[in-house]
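Now for the letters of each chain:
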Amino acid sequence: MRIQLGPFGVDWGVAGYKSGRIAAVTSRYEEAVLRGNVYAVANQSGVTSQVGLSATTPVLTLANPVGSGVNCVLWYADAVFLVVFGAAAAVWLAHGRFSNTAVTGTDIVPTNMLTGIGMRGKVLPLTAATLPAAPIGAKLLGAGLTGAITTAPTVPVMGGWLDGSFIIPPGCNVSVQTSTASGTSAQLNSFIYEERPQGE
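Residues numbered from 1 in each chain as written. Predicted model: local features only at pLDDT ≥ 70, side-chain atom pairs only at ≥ 80, totals over all residues. Heavy atoms only, no water.

1. Observations concerning the packing of aromatic side chains
Counted according to the given criterion, the structure contains five aromatic pairs. Ring geometry for Tyr29 and Trp161: centres 5.2 Å apart, planes at 20°, overall stacked. Residue Tyr29 is found in the loop between β2 (22–25) and α1 (30–34), and its partner Trp161 is found in strand β12 (residues 158–168); the two are separated by 132 residues along the sequence. In this structure Tyr29 comes out as partly exposed when scored by relative accessible area, which is 23%. (Phe/Tyr/Trp six-rings, centres within 6.5 Å; stacked < 30°, edge-to-face > 60°. Helix = DSSP H or I, 4+ residues; strand = E, 2+ residues; numbered from the N terminus. Buried < 20%, exposed > 50% of the residue type's maximum accessible area, 1.4 Å probe, protein only.)

The following block contains the structure:
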């Protein structure tokens, strides 16, 4: 529940903790974080992406299992490439449509943004994932190019805040994919997401 109490349109709300305690909420995302339902996860080392939208991808994937009872509400998604592409590439945030077939892969334990420790919710972050089918490109994050990056002071991160506009229901998945292969061990991704019980 949220209550508009602040002046000048500032959203001052209330948050209920699992302990039953009530506290003031003063920022946009704080309530969900205080409920203990928000997670962050990132590749710990670079990977080489596949060519095109692929059902077999080593890139970071979020899979929401059938029967999880939660929607995976994607707040943030990004990608960075530390080696140039061999050929120019579109970089997609790709959505895997519903399937009863489970996504498999190498498990990564996400960080809970309230406790600051690695702990598992219902959604599965995976690398080297095998998807039930090739996903659909849903949002363009940017383009990977072939020019030298060693002369640039920084490498821009593609993507950014989605503000919960991208929801992965049970039986679906999301990953970052490229139309041509990235440079060797070049791609890193991260996600911030909320697990919200269905029906809320």
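There is more to say after this.
2. Things to note about the environment of Ala143
Along the chain, Ala143 turns up in strand β11 (residues 136–144). With relative accessibility at 46%, the residue Ala143 sits in the partly exposed group. Not counting residues within four places of it along the chain, the set of residues in contact with Ala143 comprises Ala89, Val91 and Met158. (Contact = heavy atoms within 4.5 Å.)

3. Topic: the layout of surface pockets
Roughly 480 Å³ of volume is contained in the largest pocket. The dominant element in the lining of the largest pocket, judged by the number of residues it contributes, is strand β14 (residues 187–197), at four residues. Counted by class, the lining of the largest pocket contains nine nonpolar, six polar and ten charged residues. Considered as a void within the structure, the second largest pocket measures approximately 210 Å³ in volume. Forming the walls of the second largest pocket are 13 residues, and the residues nearest its centre are Phe81, Leu145, Ile149, Val155 and Met158. Secondary structure elements with two or more residues in the lining of the second largest pocket: β6 (70–81) and β11. Of the residues in the lining of the second largest pocket, the class split is eleven nonpolar, two polar and no charged. (1 Å grid on protein atoms, 1.4 Å probe; cavity = no way out; pocket = protein on both sides within 12 Å on 5 of 7 lines; lining within 4 Å. Points joined across faces, edges and corners; volume = space filled by probe spheres on them. Nonpolar A, V, L, I, M, F, W, Y, C, P; charged D, E, K, R; others polar.)

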